[in-house]
Amino acid sequence: MKKPIRKQLLKKYAATALLSVLGILYLYAGDLMFGYGKNNVIELASYMFLTSSEKVLGVLLFLCLIGPDLVHWISGHQPGREAER
C-alpha cells in the first residue's frame, strides 16, 4: 500500500511543479512580449508579502497544504474513504 500512495504523491507534486514552472515562464514571456523587461516579475514579487502577518499567514497556509501529504507520505496510507461509497 505504501508504494502506490507515494507514487501518487510524487506524480501530484511533479505535475504541480511543472504547472508552476510553465506559469512563471508564461509571465516572463508576456513581459518580454509587451516590453516590460526580464526583471518585471521579480520587481512585482517584492510587493506580494509586505507585512510580517502576511508572511506568517503564507507559511501557515503552505504548511496546511503540504502537511497532510507529508503525513500520508510517511505513514504510507490514506484515510478511509468509506463515506464516499
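Being a predicted model, the structure only gives us computed values, none of them experimental.

### Observations regarding the overall build of the chain
Okay, so step 1: Secondary structure summary: the chain contains three helices and zero strands in total.
Okay, so step 2: Scanning the chain from its N terminus toward the C terminus, one meets helices and strands in the order α-α-α.
Okay, so step 3: Once local pairs closer than 6 in sequence are excluded, the contacts in the chain between residues at least 24 apart make up 59%.
Okay, so step 4: Summed over its atoms, the accessible surface of the chain is roughly 7400 Å², and 71% of this surface lies on carbon and sulfur atoms.

### A few points about the confidence of the model for the chain
Okay, so step 1: Residues with a pLDDT of 70 or more make up 89% of the chain, whose mean pLDDT is 85.
Okay, so step 2: Per-residue pLDDT, averaged within each element of the chain, yields its smallest value for helix α2 (residues 40–45) (84) and its largest for helix α1 (residues 2–33) (89).

### Topic: helix α3 (residues 52–75)
Given 3.6 residues to a turn, an α-helix orients residues that are three or four positions apart in the same direction.
Okay, so step 1: Its 24 residues give α3 an end-to-end C-alpha distance of 34 Å, which sits within 8% of 34 Å, the value for a rise of 1.5 Å per residue.
Okay, so step 2: The largest bend in α3 comes to about 35°, at Ile 66, with the proline Pro 68 one to four residues further on.

### Examining a nonpolar patch on the surface
Okay, so step 1: A cluster of nonpolar side chains, contributed by Val 56, Val 59, Leu 60, Phe 62, Leu 63 and Leu 65, occupies part of the molecular surface with about 600 Å² of accessible area.
Okay, so step 2: In this structure, Val 56 sits in helix α3.

### Some remarks on α1
Okay, so step 1: The end-to-end C-alpha distance of α1, which contains 32 residues, comes to 46 Å, matching closely the 46 Å that a straight helix rising 1.5 Å per residue would cover.
Okay, so step 2: For α1, every residue scored as buried is listed here: Ile 5, Leu 9, Gly 30 and Asp 31.
Okay, so step 3: The inward-facing, buried residues of α1 contact α2 and α3.
Okay, so step 4: One or two residues past the end of α1 sits Gly 35, with phi positive at roughly 85°.

### A short note on the packing of α1 against α3
Okay, so step 1: The contact between α1 and α3 brings their axes to 8 Å, and the two run at 150°. Put simply, α1 runs roughly antiparallel to α3. The handedness of the crossing between α1 and α3 is left-handed. Residues Lys 2, Ile 5, Arg 6, Leu 9, Leu 10, Lys 12 and Tyr 13 of α1 touch α3, and the partners they reach there are Leu 65, Ile 66, Asp 69, His 72, Trp 73, Ile 74 and Ser 75.
Okay, so step 2: The class makeup of the residues in the contact of α1 with α3 is eight nonpolar, two polar and four charged.

Rules used throughout
- Residues numbered from 1 in each chain as written.
- Predicted model: local features only at pLDDT ≥ 70, side-chain atom pairs only at ≥ 80, totals over all residues.
- Heavy atoms only, no water.
- Helix = DSSP H or I, 4+ residues; strand = E, 2+ residues; numbered from the N terminus.
- Contact = heavy atoms within 4.5 Å.
- Areas by Shrake-Rupley, 256 points an atom, 1.4 Å probe, with all protein chains shown as cover.
- pLDDT = per-residue confidence, 0-100.
- Expected span 1.5 Å × (residues − 1).
- Bend = angle between axes of the 7 residues up to and from the residue.
- Patch = residues over 30% accessible without salt bridge, like charges linked within 9 Å, V, L, I, M, F, W, Y side chains within 5 Å.
- Salt bridge = Lys/Arg side-chain N within 4 Å of Asp/Glu carboxyl O.
- Buried < 20%, exposed > 50% of the residue type's maximum accessible area, 1.4 Å probe, protein only.
- Axes fitted to C-alpha atoms, helices over the stretch in contact; angles between N-to-C directions.
- Parallel < 35°, antiparallel > 145°, perpendicular 65-115°, else oblique.
- Left-handed = near helix turned anticlockwise from the far one by under 90°.
- Nonpolar A, V, L, I, M, F, W, Y, C, P; charged D, E, K, R; others polar.

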